[in-house]
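Read off the chains here:
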Amino acid sequence: MKKKKALITGVAGQDGSYLTEFLLSNNYEVFGILRRNSIVEHQRNRIEYLGDKINLEYGDVMDISSLNRIIKSTMPDEIYNLAAQSHVRISFDIPQFTTQTNSIGVLNILESFKSICPKAKFYQASSSEMFGRSVDSDNFQRETTPFEPTSPYGCAKVFAFYLVKHYRNAHNLFCSNGILFNHESPRRGSNFVTNKVVKAAVKIKLGLDNKLVLGNMNSYRDWGHSKDYVRAMHSIINHSKPDDFVVATGITRTVNEMCEYVFGKLDLKMSDYITQDPKFMRPEELKYLRGDSSKIRKTLNWHPKISFEKLMDEMINHWYGIFNSKNVQV
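Throughout what follows, the structure given in this document is the object of discussion. (Residues numbered from 1 in each chain as written. Predicted model: local features only at pLDDT ≥ 70, side-chain atom pairs only at ≥ 80, totals over all residues. Heavy atoms only, no water.)

## Quick look at the environment of Ser-293
Locating Ser-293 in the fold gives a position in the loop between β13 (274–276) and α9 (294–300). On a C-alpha basis, the gap between Ser-293 and Ala-248 in space is 5.5 Å, while along the polypeptide they are 45 residues apart. Not counting the four nearest positions on each side in its chain, Ser-293 is found in contact with Val-246, Val-247, Ala-248 and Trp-302. A distance of 2.7 Å separates a polar atom in the side chain of Ser-293 from a polar atom in the side chain of Arg-297. (Helix = DSSP H or I, 4+ residues; strand = E, 2+ residues; numbered from the N terminus. Contact = heavy atoms within 4.5 Å. Polar contact = N/O pair within 3.5 Å; in protein donor to acceptor, adjacent residues only side chain to side chain.)

Structure below.
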C-alpha cells in the first residue's frame, strides 16, 4: 500500500515534532520545512533523533519560491501549517513580523497549495487567542463564539482563519481550521509560562536558583497536552469534509493554580520564590480561555487522554532529568 505523504511547516516546533512522530507511527512519509537560522543544533533538537525517518527542506512561509519548490517536489496528500511567530506577548514587540508570518504566510501556502496540488488536504493551526475577550454566557468559547482578539498574534490568526474559510468556499479546496486552546509538553519553549514555571521550580528545588519572576498570575487557561492535540489535527484533516473545530479540555485553571500544583509537587512554598514584574504583562491582558470541544468529540470521537496533573508531572520529570544528567544547567 502506497504511503500517504504529509508536509509540515514548523516541523521543528513542539507540535511539529509530536505530529511527525504520530504520522510516522501511522505509516506516513513525512516532509518538514525548516526555517534556516545560524544555530542548527537549536532548530533541530526536537526532531534530531528521528534521523533519516523524516525528510527536511529549508524554506520559509514568507518565501513563495521555496514553498512552490518544496510542494512541487513532494506533492503531499496532507499539508499541516504549524509555522508561526508563536509567542503572544512577544507579538506586541514585533507586531509587523508576527502579522506577516501568521497571516500573509498562510496566504502564501494556500496559493501554492491551490496552484500545485489542489487535491491535497490542508490544516491550519488556528488559536484560542482569536476569541480574546469574547466569552459565551456559559463561560465557554466554541466555534460560534465571536472573535475579539487582544494581541497582534490573535489578530493575525483571525485573518488566517478567514483566509482558510475563503479558499475552502471560493476554490473548493479541502481547508480546515483547528482552533486549539493552550497545549503544553516537555518540548514547550521555556519562555512560555508552563515550562518557565516548571523549569524554575526544579532549579529552585535543586538549589540552582532562588526566584521566579512572572507576569499576570490571575489569567485563566485551558491546558492540554500537545500529544493529544496533534491527534486532533490528524482527525480534522482526515474528516470526510473540511470544517473548523475547537480543540480543548474544557477545564480552566489560573496561572497561580498551576504554580501551586508545580511547587507543591516539589514540596516548595511558592510564595517564598515567586515575584511579579510588569514587563511580563501584556498591554491588553487576555484573562480567560475555556474551550467547548463538544463538536470534535461528537463528530470525530476525539477526547484528551492526558490529564493536567500528568502533563505537569511529565514536565517536572523532564527538567529533573536534564539538570541531573551530567550536571547540566539549562
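After that view, the rundown keeps rolling.
## Here we look at the environment of Thr-101
Of note, Thr-101 is situated in helix α4 (residues 95–116). With 56 residues separating them along the chain, Thr-101 and Lys-157 place their C-alpha atoms 9.9 Å apart. Filtering out sequence-adjacent residues up to four positions away, Thr-101 remains in contact with Val-61, Met-62, Ala-84, Gln-85 and Val-106.

## Some thoughts on helix α7 (residues 226–237)
For α7, built from 12 residues, the straight-helix expectation of 16 Å at 1.5 Å per residue is met to within 8% by its first-to-last C-alpha distance of 17 Å. Of all 12 residues making up α7, 10 are buried, and the element is well covered by its neighbours. Of all the positions in α7, only Ser-226, Asp-228, Tyr-229, Val-230, Arg-231, Ala-232, Met-233, His-234, Ile-236 and Ile-237 are classed as buried. (Expected span 1.5 Å × (residues − 1). Buried < 20%, exposed > 50% of the residue type's maximum accessible area, 1.4 Å probe, protein only.)

## Focus on the packing of aromatic side chains
For the coordinates displayed, the defined rule picks out 13 aromatic pairs. Measuring from ring centre to ring centre gives 5.2 Å for Phe-161 and Tyr-162, while their planes differ by 90 degrees; the resulting arrangement is edge-to-face. Among the residues examined, Phe-161 registers a relative accessible area of 5% and is labelled buried. Each ring, one from Tyr-220 and one from Tyr-288, has its centre 5.7 Å from the other, and the planes form 50 degrees; the classification is tilted. You can see Tyr-220 sitting in strand β9 (residues 220–221) and its partner Tyr-288 sitting in the loop between β13 and α9, a full 68 residues away along the chain. Among the residues examined, Tyr-220 registers a relative accessible area of 33% and is labelled partly exposed. A network of ring pairs unites the aromatic residues Phe-131, Phe-147, Phe-161, Tyr-162 and Phe-181 as a single cluster. Note that Lys-121 overlies the ring of Phe-174, its terminal NZ or CZ placed 4.6 Å from the centroid. (Phe/Tyr/Trp six-rings, centres within 6.5 Å; stacked < 30°, edge-to-face > 60°. Lys NZ or Arg CZ within 6 Å of the ring centre and 35° of its normal.)

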